[in-house]
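Summary of structural features
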Amino acid sequence: MMLKMQNAVVGMQATDEELIALSTAGDTESFNTLVARWERPIYALAYRVLGREEDARDICQETFLRAFRGIKGFKGQAKFSSWLYRIALNLCRDWIRRERRSPKITTLDAETEAVQVDNRAESAELVAIRRDLGRLITLAMSTLSEEQRTTIVLKEYHGLTFQEISDLQGCPLSTVKTRLYQGLFSLRRQLRRSGVDGPANLVGESSTSLMARSSRKKVNLDR
Amino acid sequence: MTETNVCVEKHEVIDYLYGEGDAEARARVEAHLGDCAKCADEFDGLDAVRKRLDVWVPPEVELGLRVVSGAGQTPAPLSLWDQLHRPLAWWLAAAAVIVLATAAAIANLHIQIGPEGIVVRTGRGVAAESARGAATVSPVSDEESLQNMRRLIGESEQRQKQEVADRLLQVERQIADQRTADLSEMHRAFGEVDENGADLARQQLLDYLRRVSTRP
């Protein structure tokens, strides 16, 4: 039991490359350590690209299953995370094509839970403001093209470099930057229409007005 | 700097926004933003959007994914179609047995030309006879080999029949289970419609029934 715990600790401290080498040699536990390390980012990526919790979970599961099956073919040309992102994005793209629909906006109730409260000491009003702003951003993101949304997600939430995004999306660097610019520009326009503009100062944004605007936009944008 | 009025290249703005690009280009953009109020406003707007994005967080879910040993090689569960076609494997196995038995019979083919005319012998008896080096008749005759083959084929057929019967029973049970589940779902949905009386729910129920009726 003690040995198992020690192995688990060692596993968590090992680098991706070390764990990949062990996984390739058939050590399933090492692969599971990689899964534990990367499942959350992959799920978050799929959720933000697809906009649906259940599908994001399925994509996440399928990503790791494919990675497990193909781990012997992974020669370390790219970072392990980039490899996973590539698998996940391909699955997301297939999903979107198969379903032939844009990412669906989740219900307001579900979205309420989607906003995490990091600081427990935040006032109730601030929490409400963050929640409403989260809804507006969800709606605004859903109006972007798949490419623009994916580019923003990879840059803003996963911290990939322009070159990494370019490699993942198979497009020139200039295209990545254009998508980013146009996506942010479009988001700004959408948020401005919802009454959110100016410096990002949450305290200055009224919760009730945000809520009212949020409901109004949902009627317009929901599909 | 907007889409209609670009003072600075978009890629330069993006580089500046994310703190990338070479120092010279950054200095150029910075100087321009100091001079051009419109571009400065656009830049501040994009920067503000970036800062607001952090409130968009996916729902907290318990993923806990784990790969169990050999999961990659685990075959997918058989579909109904596959199960119905599985007896084909038994037929193939039976054919293979017949081929093997025939091959075993002709493996020791022995042709003798003598005063009795042409004598052709097959089967283990010939081998045994050769081994003994005597001109005695084989103790295992062709008739016996034939009987063995018939017995093997008979057993194989029996197994196939049993297998087909088991599969049909299994399929029947699955259909019955599915039907029970569908009926209970319909009852539940009818209850909801009665309680709410909502047209929307009624429409959803009709859609569901339509889907159920088209299931194979």
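Rules behind the numbers
- Just so you know, the residues in each chain are numbered from 1, in the order the chain's sequence is written.
- Both sets of labels track the order of writing: A upward for chains, 1 upward for ligands.
- Given that the model is predicted, a residue must reach a pLDDT of at least 70 before its local features are reported, and side-chain atom pairs must reach 80 or more before they are shown or counted; all residues, however, enter totals for whole chains, interfaces and linings.
- Water and hydrogen atoms were dropped before computing side-chain values, which therefore reflect all heavy atoms in the structure.
- Secondary structure elements follow DSSP: runs of H or I no shorter than four residues count as helices, runs of E no shorter than two count as strands, and numbering proceeds from the N terminus.
- When accessible area is computed with a 1.4 Å probe and restricted to protein chains, residues below 20% of their type maximum are described as buried, those above 50% as exposed, and intermediate ones as partly exposed.
- All accessible areas in this document rest on Shrake-Rupley with a 1.4 Å probe, and a residue is counted as covered only by the protein chains that are shown.
- In this analysis, two residues are considered to be in contact whenever any of their non-hydrogen atoms come within 4.5 Å of each other.
- Between rings of Phe, Tyr and Trp, where Trp is taken as its six-membered ring, a pair exists when centres lie within 6.5 Å; planes separated by under 30 degrees are stacked, by over 60 edge-to-face, and by other angles tilted.
- Definition used: whenever NZ (Lys) or CZ (Arg) falls within 6 Å of the ring centre and also within 35 degrees of the ring normal, the charge is taken to sit over that ring.
- Using a 1.4 Å probe, buried area is obtained as the accessible area two parts lose upon being combined, added over both of them.
- Note on definitions: salt bridges are taken to be side-chain nitrogens of Lys or Arg within 4 Å of carboxyl oxygens of Asp or Glu.
- Polar contact is defined as a pair of N or O atoms within 3.5 Å, subject to the rule that within protein one atom must be able to donate a hydrogen and the other to accept it, and that residues adjacent in sequence are counted only when both atoms are side-chain atoms.
- Residue type decides the class: Asp, Glu, Lys and Arg count as charged, Ala, Val, Leu, Ile, Met, Phe, Trp, Tyr, Cys and Pro as nonpolar, and the leftover types, Gly among them, as polar.
- Axis definition: a line fit to C-alpha positions, over the contact stretch in the case of helices; interaxial angles, taken between N-to-C directions, run 0 to 180 degrees.
- Angles below 35 degrees are treated as roughly parallel, those above 145 as roughly antiparallel, those between 65 and 115 as roughly perpendicular, and all remaining angles as oblique.
- The pLDDT value tells you how sure the predictor is about a given residue, anywhere from 0 up to 100.

**Remarks on the overall build of chain B**
Secondary structure assignment for chain B yields eight helices and two strands. Reading chain B from its N end, one meets helices and strands in the order α-α-α-α-α-β-β-α-α-α.

**Concerning the overall build of chain A**
Each helix and strand counted, chain A has eleven helices and zero strands in total. Looking at chain A as a whole, 51% of its 223 residues are labelled buried. Of the roughly 11,000 Å² of accessible surface on chain A, 52% is carried by carbon and sulfur atoms.

**A closer look at the environment of Leu-17 of chain B**
Note on placement: Leu-17 of chain B falls in helix H1 (residues 10-17). For the pair Leu-17 of chain B and Phe-43 of chain B, spaced 26 residues apart in sequence, the C-alpha to C-alpha distance is 7.8 Å. Leu-17 of chain B has contacts with Leu-184 of chain A together with Phe-43, Leu-46, Asp-47 and Arg-50 of chain B, leaving out every residue within four places of it along the chain.

**Examining the packing of aromatic side chains**
A complete count under the given rule lists nine aromatic pairs over all chains for this structure. Arranged with centres 6.0 Å apart and planes meeting at 75°, the rings of Phe-74 of chain A and Phe-80 of chain A form a pair that is edge-to-face. Phe-80 of chain A shares its class with Phe-74 of chain A; the two are buried. Geometrically, the ring pair formed by Tyr-16 of chain B and Phe-43 of chain B is tilted, given 5.3 Å between the ring centres and 55° between the ring planes. Separated by 27 residues along the polypeptide, Tyr-16 of chain B in helix H1 and Phe-43 of chain B in helix H3 (residues 37-52) bring together distant segments of the chain. You'll find Tyr-16 of chain B and Phe-43 of chain B in the same group, each marked buried. Taken together, Phe-74, Phe-80 and Trp-83 of chain A form an aromatic cluster joined through their ring pairs. Taking NZ or CZ as reference, Arg-48 of chain A lies 3.6 Å from the ring centre of Tyr-157 of chain A, over its face. The side chain of Lys-155 of chain A reaches across the aromatic face of Phe-162 of chain A, ending 4.3 Å from its centre.

**A word on the interface of chain A and chain B**
At the interface, 53 residues of chain A touch 38 residues of chain B. Summed over both partners, the interface of chain A with chain B comes to about 4,400 Å²; 63% of that surface belongs to carbon and sulfur atoms. Note that Glu-29 of chain A is salt-bridged to Arg-66 of chain B, the shortest N-O span being 2.5 Å. At the junction of chain A and chain B, the tally comes to 13 residue pairs in polar contact (both at pLDDT 80 or more). Those elements giving two or more residues to the side of chain A that touches chain B turn out to be helix H3 (28-50), helix H4 (53-70), helix H6 (108-114), helix H7 (124-142), helix H8 (146-157) and helix H10 (173-193) of chain A. Each residue belonging to the side of chain A that touches chain B can be placed in one class, and the counts come to 26 nonpolar, nine polar and 18 charged.

**Side note on the pattern of salt bridges**
Residues and elements named next belong to chain A. This model, assessed by the stated rule, comprises 19 salt bridges over all chains. The shortest N-O distance in the salt bridge between Arg-93 and Glu-146 comes to 3.6 Å. You can see Arg-93 sitting in helix H5 (residues 80-99) and its partner Glu-146 sitting in helix H8, a full 53 residues away along the chain. It is possible to trace a salt-bridge network through shared partners that takes in Glu-53, Glu-54 and Arg-57.

**Some points on helix H9 (residues 162-169) of chain A**
An α-helical turn contains 3.6 residues, so any two residues separated by three or four positions project in the same direction. Within H9 of chain A, six of the eight residues are buried, which leaves it mostly tucked inside the rest of the structure. Along H9 of chain A, the positions that sit buried rather than exposed are Phe-162, Glu-164, Ile-165, Ser-166, Leu-168 and Gln-169 of chain A.

**Notes on the side chain of Asp-55 of chain A**
You can see Asp-55 of chain A is positioned in helix H4. The exposure class assigned to Asp-55 of chain A is buried, which follows from its relative accessible area of 13%.

**Regarding the packing of H8 of chain A against H10 of chain A**
Residue and element names in this part refer to chain A. It is the contact of H8 with H10, at a shortest axis distance of 8 Å, that shows an interaxial angle of 95°. As summarised for this structure, H8 and H10 are arranged roughly perpendicular, according to the angle between their axes. Where H8 abuts H10, its residues Glu-147, Gln-148, Thr-151, Ile-152 and Lys-155 lie against Val-176, Arg-179, Leu-180, Gln-182, Gly-183, Leu-184 and Leu-187. Here the contact of H8 with H10 is built from residues that sort into five nonpolar, four polar and three charged.

**Some remarks on the side chain of Asp-15 of chain B**
Relative to the assigned elements, Asp-15 of chain B resides in helix H1. Residue Asp-15 of chain B is classed as buried on the basis of its relative accessible area, which comes to 10%. With residues near it in sequence (within four places) discarded, Asp-15 of chain B still touches Phe-162 and Lys-177 of chain A together with Glu-20, Gly-21 and Arg-26 of chain B.

**Some thoughts on the confidence of the model for chain A**
Residue and element names in this part refer to chain A. Taken over all residues, the pLDDT of chain A has a mean of 79, while the share at 70 or more is 73%. Long-range and interchain partners of residues 106-115, a stretch whose pLDDT sits below 50, account for 23 contacts in this model, where long-range means more than four residues apart. Of the regions scoring below 50 in pLDDT, residues 206-223 engages in 34 contacts with residues more than four places distant in sequence or in other chains.

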